[in-house]
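What follows is each chain in one-letter form.
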Amino acid sequence: MAGERLSPERAAELAANLAAVRARIAAACTTAGRDPAEVTLVAVGKTFPAADVAHLVGLGVTDVAESRDQEAAPKVADVAALLDGPAPRWHFVGQLQRNKAASVAAYADVVQSVDRAPLVAALANAAGRADRRIDVLIQVRLDDPGDPTAGPARGGAAPADVPALADAVAARAELRLRGLMAVAPRGVDPVPKFARLAELSANVRGAHPAADVVSAGMSGDLEAAVASGASWVRVGTALFGCRELVSDHVR
Ligand SMILES: *Cc1c(COP(=O)(O)O)cnc(C)c1O
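Here is a short report on the structure shown in this document. Just so you know, these numbers come straight off a predicted model, no measurement behind them. (Residues numbered from 1 in each chain as written. Predicted model: local features only at pLDDT ≥ 70, side-chain atom pairs only at ≥ 80, totals over all residues. Heavy atoms only, no water.)

**Some thoughts on the packing of aromatic side chains**
Rule in force here: Ring geometry is summarised as follows: Phe, Tyr and Trp rings, the Trp one being its six-membered ring, pair when their centres sit within 6.5 Å, and such pairs are stacked at plane angles under 30 degrees, edge-to-face over 60 and tilted between the two. Helix and strand definitions here come from DSSP, where helices need a minimum of 4 consecutive H or I residues and strands a minimum of 2 consecutive E residues; each element is numbered from the N-terminal end.
On inspection of all chains with the given rule, the structure shows one aromatic pair. Taking 5.2 Å as the distance between ring centres and 15 degrees as the angle between the ring planes, the aromatic pair formed by phenylalanine 48 and phenylalanine 240 counts as stacked. Taken together, the residues span a long stretch of sequence, with phenylalanine 48 in the loop between strand E1 (40-44) and helix H2 (50-58) and phenylalanine 240 in helix H9 (residues 237-240) at a distance of 192 residues.

Quick look at the structure:
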């Protein structure tokens, strides 16, 4: 998809979507009495072409995310080739296998989905070999254990495991612990889930004061996330449109 030109219609659609998302964030901040500058929009471009992502970056989006390594690795290069200005900050937000750590470490500035100790070691080692330092969020699972609709597909550490994982990340010089990430479970009120995440974040900050990022909120629930203190919102559909259903983990 590199080099593919956007139609004027698509360019206008992306610009309008971005304006609408920015307005939603601003309104949510006003309601919550927060400064919109505290909230960073992370555009999740999975399944959409590099030209779409590059266009949003040209419109001022600083942070972009992907959730599958096989898609992200070429797209990072394609987006760079389409841009005149500086590259965006690339986030990896998908479930990560240890054997992909080296690939992801080559392009990701931030990995938001670290959820188990072996992954911490693999990512730190890969970052070291690539001579990079990678920002890390610990992904927390907010499903209720025992909820029959809760699936393992989304990943995330159990809340009880978060403090030890945070310590493990902070202990590695190749990584920088930045905070926590979560995806609200489908079909439930996100408000108590985000409140729980805020509580876990306060806990982590007790031991690691600089780890103050809370990545929460997507197209459907960004207002609730901003209300509970989210600092990064990860928005796909509201910016790019609906994804075709490929599989659960690209959703
Ligand atoms: C796809 C995805 C998003 C964006 O979801 P939308 O509902 O399309 O805004 C956010 N976070 C993660 C981890 C994702 O995989």
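**Regarding the packing of H2 against helix H3 (residues 69-82)**
Rules: Lines are fitted to the C-alpha atoms to define the axes, a helix being fitted only along its stretch in contact, and any angle between axes, read from their N-to-C directions, falls within 0 to 180 degrees. Each angle is binned into one of four classes, with values under 35 degrees roughly parallel, values over 145 roughly antiparallel, values of 65 to 115 roughly perpendicular, and all other values oblique. With the far helix as reference, a near helix turned anticlockwise by less than a right angle produces a left-handed crossing, and one turned clockwise produces a right-handed crossing. Contacts are residue-level and defined by heavy atoms, with any inter-residue pair within 4.5 Å sufficient.
Relative orientation of the contacting elements H2 and H3 amounts to 50 degrees, with a least axis distance of 9 Å. Considering their axes alone, H2 and H3 lie oblique with respect to each other. Where H2 crosses over H3, the handedness of that crossing is right-handed. Across the interface between the two elements, Ala50, Ala51, Val53 and Ala54 from H2 touch Lys75, Asp78, Val79 and Leu82 from H3.

**Looking at the site of the ligand**
Here is the rule we go by: Residues are classed as near a molecule or strand on a simple rule: at least one heavy atom within 4 Å of it. Two N or O atoms form a polar contact when they lie within 3.5 Å of each other; inside protein one atom must be a possible hydrogen donor and the other a possible acceptor, and for residues adjacent in sequence the pair counts only when both atoms belong to side chains. Surface exposure here means Shrake-Rupley accessible area, sampled with a 1.4 Å probe, where a residue is shielded only by the protein chains that are shown.
Contacts to the ligand come from Val44, Lys46, Val93, Val183, Met218, Ser219, Arg234, Val235, Gly236, Thr237 and Arg243. Serine 219 is positioned with one of its side-chain polar atoms (N or O) 2.5 Å from an oxygen atom of the ligand. Protein chains bury 92% of the 390 Å² of accessible surface belonging to the ligand in isolation.

**What to know about helix H1 (residues 8-32)**
Stated formally: Expected span, for any helix, means 1.5 Å times one less than how many residues it has. Only protein chains enter the accessibility calculation, which uses a 1.4 Å probe. A residue is then buried if its area is under 20% of the maximum for its type, exposed if over 50%, and partly exposed in between.
For H1, built from 25 residues, the straight-helix expectation of 36 Å at 1.5 Å per residue is met to within 8% by its first-to-last C-alpha distance of 36 Å. Three or more residues of H1 are buried, namely Arg10, Ala11, Leu14, Asn17, Leu18, Val21, Ile25, Ala28 and Cys29. Turning to H1, the residues buried within the fold contact E1, H2, helix H8 (222-227), strand E8 (232-235) and H9. Glycine 33 lies just past H1 and shows a positive phi near 65 degrees.

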